[in-house]
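# Working through the structure, step by step
One letter stands for each residue in the lines below.
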Amino acid sequence: MHAAVTSGALHGDAVRVLSSWQAPDPGQDGLRLEFLRHLEEHPADGLWRECADGHITASTAVLDASGTRVLLTLHSKVKAWLQLGGHCERGDLALAGAALREATEESGIAGLRLVPGPVQLDRHEVHCHPQGTWHLDVQYVAVAPPGARHAISDESDDLRWFPVDDLPDSADAAVRRLVARAVAAGV
């Protein structure tokens, strides 16, 4: 499929997802509107790492089949425990697909089941560009099949299951909110 076609499909999907998403609170709704404004201002590159003003990303809180543990990665660049996810790629047709692809690649777990729709948005500063930029992260929840075994990818220093109510100290407030919303979304 031609890159312009997939880019247009992903852009359209991102606008549809963010336009129809029911934010859980006013702060999340403000981010939703900010993400939509970004896509309007950057129709050609707002989803790609190359966009120095920021770019849409997709990530996933992966819960075990019981919903009592979350799989976190000790990110090799950030050196903190985070959910799985990252940049959209040219072949992605949907944000949910990008989130699931990233979670599968970074966890090594086949058969993850994505819960429909995002559960949270997060805007955080990153260093994809020398001057810094922003990830406008659309965050999902996935459930691992019973007995799933994970494998550490080259993007991680470590990968571990943590009880949802006992996250590591380096997990920031955004990760803690995501895990709480993931648990509330249910398995």
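This paragraph deals with the packing of aromatic side chains. Following the criterion strictly, the structure yields one aromatic pair and no others. Relative to F162, the ring of W81 has its centre 4.9 Å away and its plane inclined at 75°; by these criteria the two rings are edge-to-face. In this pair, W81 sits in strand β3 (residues 81-82) while F162 sits in strand β8 (residues 156-163), placing the two residues 81 residues apart along the sequence. Comparing W81 with F162, the two get one shared label, buried. Between R90 and the ring centre of W48, over which it is positioned, the NZ or CZ distance is 4.2 Å. It is R123 that lies over the ring of W134; its NZ or CZ is 3.6 Å from the centre.

For helix α4 (residues 173-185), spanning 13 residues, the distance from its first C-alpha to its last is 18 Å, which sits close to the expected 18 Å at 1.5 Å a residue. The set of residues buried in α4 consists of A174, V175, L178, V179 and A182. What you see down the axis of α4 is that its buried residues fit within an arc of 135°, all on one side. Packing partners of the buried residues in α4 comprise β1 (55-63), β2 (69-75), β3, β6 (120-126) and β7 (133-143). Positioned one or two residues after α4, G186 has a phi angle of 80°, which is positive.

Turning our eyes to something else, we now look at the nonpolar core. With 21 residues, the main nonpolar core has L18, F35, L47, I56, L95, L121 and V138 as its most contacted residues. Elements supplying a minimum of two residues to this core: α1 (3-20), α2 (26-41), β1, α3 (95-107) and β7. Beyond its immediate sequence surroundings of up to four residues, F35 is in contact with L18, I56, L121, D122, R123, L136, D137 and V138. Formed by 17 residues, the second largest nonpolar core is a distinct cluster that contains V119, V143, L167 and V179.

This part is about the layout of surface pockets. The probe, sized like a water molecule, is rolled over the atoms to show the empty space still left. The space that makes up the largest pocket amounts to roughly 790 Å³. Taken together, 32 residues make up the lining of the largest pocket; nearest its centre are H75, V78, L82, V126 and H135. Of all the secondary-structure elements, those providing two or more residues to the lining of the largest pocket are β1, β2, β4 (84-87), α3, β6, β7 and α4. Here the lining of the largest pocket is built from residues that sort into eight nonpolar, 14 polar and 10 charged.

Attention now moves to α2. Helix length check: α2, at 16 residues, gives a terminal C-alpha distance of 22 Å against a target of 22 Å (1.5 Å per residue), a fit within 8%. Listed as buried for α2 are Q28, L31, R32, F35, L36, H38 and L39. One side of α2 holds all its buried residues, which, seen down the axis, span an arc of 155°. More than 90 degrees from the buried face of α2, the exposed residues found are P26, E40 and E41.

Attention shifts here to the environment of A98. Following the sequence through the fold, A98 ends up in helix α3. Residue class for A98 comes out buried when judged on its relative accessible area of 0%. C-alpha of A98 to C-alpha of G85: the two residues are 13 residues apart in sequence and 8.2 Å apart in space. Setting aside its immediate chain neighbours within four residues, A98 contacts A58, C88 and D92.

Our next topic: the pairing of β1. Within β1, nine of the nine residues are buried, which leaves the element mostly enclosed by the surrounding structure. The alternating pattern of β1 places H55, T57, S59, A61 and L63 and I56, A58, T60 and V62 on opposite faces, both of which are buried. Looking at chain direction, β1 and β7 are connected through nine bridges and run parallel. Residue pairing in the sheet places V62 in a bridge with A142 of β7. Inspection of the sheet shows β1 paired to β4 by four bridges, in the antiparallel sense. Within β4, the residue paired with T57 across the bridge is H87. As judged from the two bridges shared by β1 and β2, these two strands associate in the antiparallel manner. Paired with V62 across the two strands is L71, which belongs to β2. Connecting the antiparallel pair β1 and β2 is a turn made up of five residues, with G67 showing a positive phi of about 75°.

Scoring rules and cut-offs
Residues numbered from 1 in each chain as written. Predicted model: local features only at pLDDT ≥ 70, side-chain atom pairs only at ≥ 80, totals over all residues. Heavy atoms only, no water. Phe/Tyr/Trp six-rings, centres within 6.5 Å; stacked < 30°, edge-to-face > 60°. Helix = DSSP H or I, 4+ residues; strand = E, 2+ residues; numbered from the N terminus. Buried < 20%, exposed > 50% of the residue type's maximum accessible area, 1.4 Å probe, protein only. Lys NZ or Arg CZ within 6 Å of the ring centre and 35° of its normal. Expected span 1.5 Å × (residues − 1). Arc of directions from axis to C-beta. Contact = heavy atoms within 4.5 Å. Core = buried A, V, L, I, M, F, W, Y, C linked by side-chain atoms within 4.5 Å. 1 Å grid on protein atoms, 1.4 Å probe; cavity = no way out; pocket = protein on both sides within 12 Å on 5 of 7 lines; lining within 4 Å. Points joined across faces, edges and corners; volume = space filled by probe spheres on them. Nonpolar A, V, L, I, M, F, W, Y, C, P; charged D, E, K, R; others polar. Pairing = 2+ DSSP bridges.

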